[in-house]
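# Descriptive structure summary
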Amino acid sequence: MKNSVVAFSMVLLLFTGCKQKTPVPGEIKMNWELVSNEYAETPKAMAKFSIENNSQFTFKDDNWALYFNQMPRTPLSADKNVEIQFISGDWFVMKPTENFSLKPGETIEITTEHSDWIIKETDAPLGPYFVFYDKKGNETDTVPVTDYTILPFTRPEQANRHKNDYEPIPTAEWNFENNTNLSVLAKDELLPVIPSPVSYKVTGNKVVFDDYVRILHTEGLENEARFISEFLGKLIGGQPTVEQTTEASPYSIFLTTEKLSVNGKTAEAYRMEIKPDKSISITGSDPAGVFYGIQSLISMLPVEIFRGEDAEVALDEVVIEDAPRFPYRGLQIDVARSFQTKETIKKMIDILSFYKGNYFVIYLTEDEGWRLEIDGLPELTEVGAQRGHTSKEANLLHPSYGSGPFPYADGTYGSCYYTKEDFIEILKYAQARHVNIIPAVNFPGHSRAAIKSMEARYEKYMALGDEEKANEFRLIDPEENSKYISAQWYTDNVVNVARESTYKFYETVVDAIIALYDEAGVELEFFHTGGDEVPEGSWSESPMCEELLKTLPEITDPKNLQAVFFRRVVEMLNSKNLKIGGWEEVALLKDSKGQYIPNPEFAGKQVYPYVWNNLGANTDLAYRMANAGYPVILCNVSNFYFDLAYNKDPRDPGHYWAGFVNTRDAWQVAPFNMFLTTTHTSMGRKIDIENEYAGLERLKPEAKTNIAGVQAQIWSETIKGERMLEYYLLPKLIGFAESAWSPEQNWETMDDRSRREAEMEKGWNIFANKLAQKELPRMAGIFGGFNYRVPAPGAKIENGNLVANSAYPGLTIRYTTDGTEPTQTSTVYKEPVPVSGKVKLKAFDTAGKGSLTMELN
């Protein structure tokens, strides 16, 4: 018996010894480094993976794979017996080839090559994880790489986009030269209100408010009175009383409405008087005008109050008259690719309304996620709102943008959605702040989340034997063999426009959303249909579309089936009395030459093209559409795409496919003559605007009223959480507000380029001073505080002296000479000073928020 036990134990030991224990999180260390973008004649990027095996597991050529997300680049090569394969979207996998080995305690460096270039730390592989396999090739374990470092980009070859990159690297020296036209202005030279009002007439006296005020209002302004009372209560610790009355009195804020016209505008206008008797009257043309007057009053308060500090409230004795330049002043946030919580969305509504924005497009659907609960279609959130490790073919969503293998893992933003109750709460919150929420449901492209969800529904009901219900909302032609690749590198993200169930699905979603607005007691004005980036090749090999095309002899290119889809959607939404938003593609047709031209069919049908493309030959696209009779929303990629990085510094996150967008770009816009302010290509080359734009179409005088408004966009591929969102948004949103609300700037109509640019410099200096001295410090405290961006300083060494300046005059520059990071206690730069060694500098505002560090040797 004893010998049998010993023998069994030896067999068991032998068996268990053959099975390797797979690594646990933390046992595999990985670094990634961008080597160069400039080593080859053609655009390529070289990078290195360093993998350190601190486990007891031996990596062989058949027992592992490394999955990760990375902004799409074609993998060209890899050494050390591995290959990188593209799977779908931004999802890639590294697999071993024959003879690969990485034993316990070993480190391997793998060099890879990719198409194009990589210049941002946000371009690096994200969310890496290993999948391990048994001898039969079955997955056994999925292990995230938790010890992962993206090495810093420190060399020019890492920050330049190959050879034709004209955009300078923002070194300390370049910053210094770029800031030379700026100078500090006294606070009394700066209007205390942003966006700048139409009229601000002061007496020169101050009115000191040394006691609490009451909130008085006429009938119909209960919401506005409650808003200012609650806001001041949180700000100063004692909530003012609210009373309905018809007259103002000392120590009060009196809210009322009457017929009012300011600068020819009779909607959303206001007049505010601050009087010596310590009363403030705000008269609006409507409740929205009253609300915007309240926001101007809030902006006049001392910034110290927003940080919880004591400060004397001494306001100008003033009469302000104001009204918006454009009736539509929008912000779009994409919550589909990287989710943002309900609380974050409410905070975005707060800051948008503070700067007098009035439309908020919440982008609820994309390839990578469906973010709203829809009655009757639970699969949309059960499948479409979750991302995790799977296969491309499965009816699930794979990891994207670093969301990792497990849904809802800490620090990831790929999985979640708004319940019906969440969305209703958002609607009510926005309505109280005069913000119209526009839902965006993107079709017929960018629809992978919906497609996968409805395929899961199809499989579920087919398994139950209910074929009719399985096909009720199906979105694909199962026999389709069309070959395409979308802008985000998907090959399966376009719905089939020949299926009647596609239209039933869309109307079911629209009706469910309308029901949520009805339950919230909020009017739905706009519905945004998306409609962008349907790739070439879509519907080209679909039997169902072939049958449809037989009934439409006027259509010779399957790509124009998008207009057929949109025609149905327009009819549907018109019947529900909705304005219809969509990217410019929804109102374009592909002609016989392959060029896209305005489609006259939808003009006059409440269709609003949102035009993002203002680059190159499309600089005039918005004007062509406005001249064709469409009311247009300007969404200029070169001015209003806030997910584009502020500059080329690899540490500053964001995209750059269309160049870079900083706060000045958002401020410096001539909406009726964009040729004057679209001055550089996406690669930074300066445009000869007189010659290169000579043949493009100008906005006709009679079509100026068709420029309905402007909108800022934030796409969320590179954004992880609330703090990154705030960094991308602020202070760009403040520059945008000036373009959206304030009157035409004097330089917009100047023909002489040198005079125009001089006036631009003068105006920007004033605005940059406002940012430094008032707006940024207020951002530290208002609405709970924001993670806004402070621009890095400029500096150079001149004759052994440190010389420095700021992008926003009024910021404090601090420096060190011992290699340490500057802090709020480091030496303040005041004037040229002798230095030696490594100099590090940062800019700080009065709230203590600092910039990126700049170095000089």
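Residues numbered from 1 in each chain as written. Predicted model: local features only at pLDDT ≥ 70, side-chain atom pairs only at ≥ 80, totals over all residues. Heavy atoms only, no water.

## Concerning the overall build of the protein chain
If you tally the helices and strands in the protein chain, you get 21 helices and 36 strands. Relative to the 2.2 N^0.38 estimate, which gives 29 Å for 857 residues, the radius of gyration of the protein chain is 29 Å and therefore close to what a compact globule would have. C-alpha extents for the protein chain along the principal axes are approximately 105 × 75 × 70 Å. A burial count over the protein chain gives 59% of its 857 residues as buried. Residue pairs at least 24 apart in sequence account for 75% of intrachain contacts in the protein chain once pairs closer than 6 positions are excluded. Of the accessible surface of the protein chain, which amounts to about 34200 Å², a share of 49% is contributed by carbon and sulfur atoms. Charged side chains in the protein chain number 87 positive and 122 negative. The centres of these two groups are separated by 2 Å. (Helix = DSSP H or I, 4+ residues; strand = E, 2+ residues; numbered from the N terminus. Rg over C-alpha atoms; globule rule 2.2 N^0.38 Å. Buried < 20%, exposed > 50% of the residue type's maximum accessible area, 1.4 Å probe, protein only. Contact = heavy atoms within 4.5 Å. Areas by Shrake-Rupley, 256 points an atom, 1.4 Å probe, with all protein chains shown as cover. Lys, Arg positive; Asp, Glu negative; His and termini not counted. Charge placed at Lys NZ, Arg CZ, Asp CG, Glu CD.)

## A short note on the sheet that holds strand E34 (residues 833-834)
The 3 strands are arranged E30-E31-E34 in an open sheet whose pairing can be described as antiparallel. Lying at the two open borders of the sheet, with one neighbouring strand each, are strand E30 (794-798) and E34. Alignment of strand E31 (residues 801-805) against E34, held across 2 bridges, turns out to be antiparallel. Considered in E34, the bridge of Leu802 is made with Val833. (Pairing = 2+ DSSP bridges.)

## Some points on the sheet that holds strand E12 (residues 214-217)
Taken together, the 7 strands give an open sheet; going across it, the order is E11-E17-E15-E16-E14-E12-E13, and neighbouring strands pair in mixed fashion. Since the sheet does not close on itself, it has two edges, and those belong to strand E11 (199-209) and strand E13 (242-244), each with one partner. When strand polarity is set aside, the average angle formed by the axes of neighbouring strands in this sheet is 20 degrees. Summarising the sheet, E11 and strand E17 (residues 313-322) pair through 8 bridges and their orientation is antiparallel. Looking across to E17, one finds that Ser199 is bridged to Glu321. (Axes fitted to C-alpha atoms, helices over the stretch in contact; angles between N-to-C directions.)

## Topic: the pattern of salt bridges
For the structure shown, the criterion picks out 55 salt bridges. Between Lys420 and Asp375 there is a salt bridge, and its shortest N-O distance comes to 2.7 Å. Of this pair, Lys420 sits in helix H9 (residues 420-431) while Asp375 sits in the loop between strand E21 (369-370) and helix H8 (379-382), placing them 45 residues apart in sequence. A salt bridge links Lys840 to Glu821; the shortest N-O distance between them is 3.3 Å. Placement of Lys840 in strand E35 (residues 839-844) and of Glu821 in the loop between strand E32 (812-816) and strand E33 (827-828) is noted, with a sequence separation of 19 residues between them. (Salt bridge = Lys/Arg side-chain N within 4 Å of Asp/Glu carboxyl O.)

## Observations concerning the environment of Val361
The residue Val361 is located in strand E19 (residues 359-363) in this model. When the C-alpha positions of Val361 and Ile333 are compared, they lie 6.5 Å apart, and in sequence the two are 28 residues distant. Apart from the residues within four sequence positions on either side, Val361 is in contact with Tyr328, Leu331, Gln332, Ile333, Ile438, Ala440, His528, Tyr610 and Gln711.

## Here's the deal with helix H14 (residues 561-574)
Between its first and last C-alpha atoms H14 spans 20 Å; for 14 residues at 1.5 Å apiece the expected length is 20 Å, and the two agree. Those residues of H14 lying buried are Leu561, Gln562, Ala563, Val564, Phe565, Phe566, Val569, Val570, Met572 and Leu573. Those residues of H14 that are buried are in contact with helix H12 (500-520), strand E23 (526-528), helix H13 (543-550), strand E24 (579-583), strand E25 (588-590) and strand E27 (607-611). (Expected span 1.5 Å × (residues − 1).)

## Details of the packing of aromatic side chains
Counting across every chain of the model gives 55 aromatic pairs. Aromatic pair Trp583 and Trp715: ring centres 5.8 Å apart, planes at 45 degrees, arrangement tilted. With Trp583 in strand E24 and Trp715 in the loop between strand E29 (707-714) and helix H19 (721-729), this pair connects stretches of sequence that are 132 residues apart. Judged by centre distance (5.9 Å) and plane angle (80 degrees), the rings of Tyr646 and Tyr727 are edge-to-face. Within this pair, whereas Tyr646 is found in the loop between helix H16 (637-640) and helix H17 (663-667), its partner Tyr727 is found in helix H19, the two being separated by 81 residues in sequence. Overall, Tyr646 belongs to the buried group, its relative accessible area being 5%. Overall, the relative accessible area of 15% leaves Tyr727 in the buried class. Each member of the aromatic cluster is reached from another via a ring pair, and the members are Phe227, Phe231, Phe291, Tyr292, Phe354, Tyr355, Trp741 and Phe783. Note that Arg698 overlies the ring of Phe675, its terminal NZ or CZ placed 3.9 Å from the centroid. (Phe/Tyr/Trp six-rings, centres within 6.5 Å; stacked < 30°, edge-to-face > 60°. Lys NZ or Arg CZ within 6 Å of the ring centre and 35° of its normal.)

## Brief notes about the packing of H9 against H12
Taken N-terminus to C-terminus, the directions of H9 and H12 make an angle of 55 degrees; their axes are 9 Å apart at the nearest point. Judged on the interaxial angle alone, H12 and H9 are oblique. The chirality of how H9 crosses H12 is right-handed. Packed against H9, whose contacting residues are Lys420, Phe423, Ile424, Leu427 and Lys428, the element H12 presents Leu516, Tyr517, Glu519 and Ala520 at the interface. (Parallel < 35°, antiparallel > 145°, perpendicular 65-115°, else oblique. Left-handed = near helix turned anticlockwise from the far one by under 90°.)

## Some details on the pairing of strand E15 (residues 270-274)
Burial along E15 is one-sided: the residues Tyr270, Met272 and Ile274 are buried and none of Arg271 and Glu273 is. Pairing between E15 and strand E16 (residues 279-284): 5 bridges, direction antiparallel. Looking across to E16, one finds that Arg271 is bridged to Thr283. As consecutive antiparallel partners, E15 and E16 are separated by 4 residues, and within that stretch Lys278 has a phi angle of approximately 65 degrees, a positive value.

## Quick word on the confidence of the model for the protein chain
Residues at a pLDDT of 70 or more form 98% of the protein chain, whose mean pLDDT is 95. Between residues 4-17, whose pLDDT stays under 50, and residues either more than four places distant or in other chains, the model counts 0 contacts. (pLDDT = per-residue confidence, 0-100.)

## Examining the layout of surface pockets
Considering only enclosed or pocket space, the largest pocket measures out at about 1400 Å³ in volume. In terms of lining, the largest pocket is formed by 50 residues, of which the most central are Trp174, Asn178, Asn662, Arg664 and Asp665. Sorting the residues of the lining of the largest pocket by element identifies helix H3 (172-178), H16, H17 and helix H21 (753-779) as the ones contributing at least two each. Take the lining of the largest pocket: its biggest share by element is 6 residues, from H21. For the lining of the largest pocket, the class distribution of residues is 19 nonpolar, 18 polar and 13 charged. One number sums up the size of the second largest pocket: a volume of about 740 Å³. (1 Å grid on protein atoms, 1.4 Å probe; cavity = no way out; pocket = protein on both sides within 12 Å on 5 of 7 lines; lining within 4 Å. Points joined across faces, edges and corners; volume = space filled by probe spheres on them. Nonpolar A, V, L, I, M, F, W, Y, C, P; charged D, E, K, R; others polar.)

## Notes on the side chain of Ser50
Within the element layout of this structure, Ser50 appears in strand E2 (residues 44-53). With residues up to four places along the chain from it excluded, the contact list for Ser50 reads Lys29, Met30, Asn31, Thr107, Ile108 and Glu109.

## Points about the pairing of E35
The buried fraction of E35 amounts to 6 of the 6 residues, a majority that puts the element mostly inside the structure. Taking every second residue as pointing to the same face, both faces of E35 are buried, with Val839, Leu841 and Ala843 on one and Lys840, Lys842 and Phe844 on the other. Both E32 and E35 contribute to a ladder of 5 bridges, which runs antiparallel. Counterpart to Arg814 in the pairing with E35 is Lys842. As defined by bridge partners, E35 adjoins strand E36 (residues 854-856) across 3 bridges and the pair is classed as antiparallel. Of the residues in E36, the one forming a bridge with Lys840 is Glu855.

## Focus: helix H4 (residues 222-236)
Over its 15 residues, H4 extends 21 Å from the first C-alpha to the last, a length consistent with the 21 Å expected when each residue adds 1.5 Å. All buried positions along H4 are accounted for by Glu224, Ala225, Phe227, Ile228, Ser229, Phe231, Leu232, Gly233 and Leu235. Buried residues along H4 sit against E12, E13, strand E14 (252-257), helix H5 (287-300) and helix H6 (303-306). The positive-phi residue at the C-terminal boundary of H4 is Gly237, with phi of around 90 degrees.

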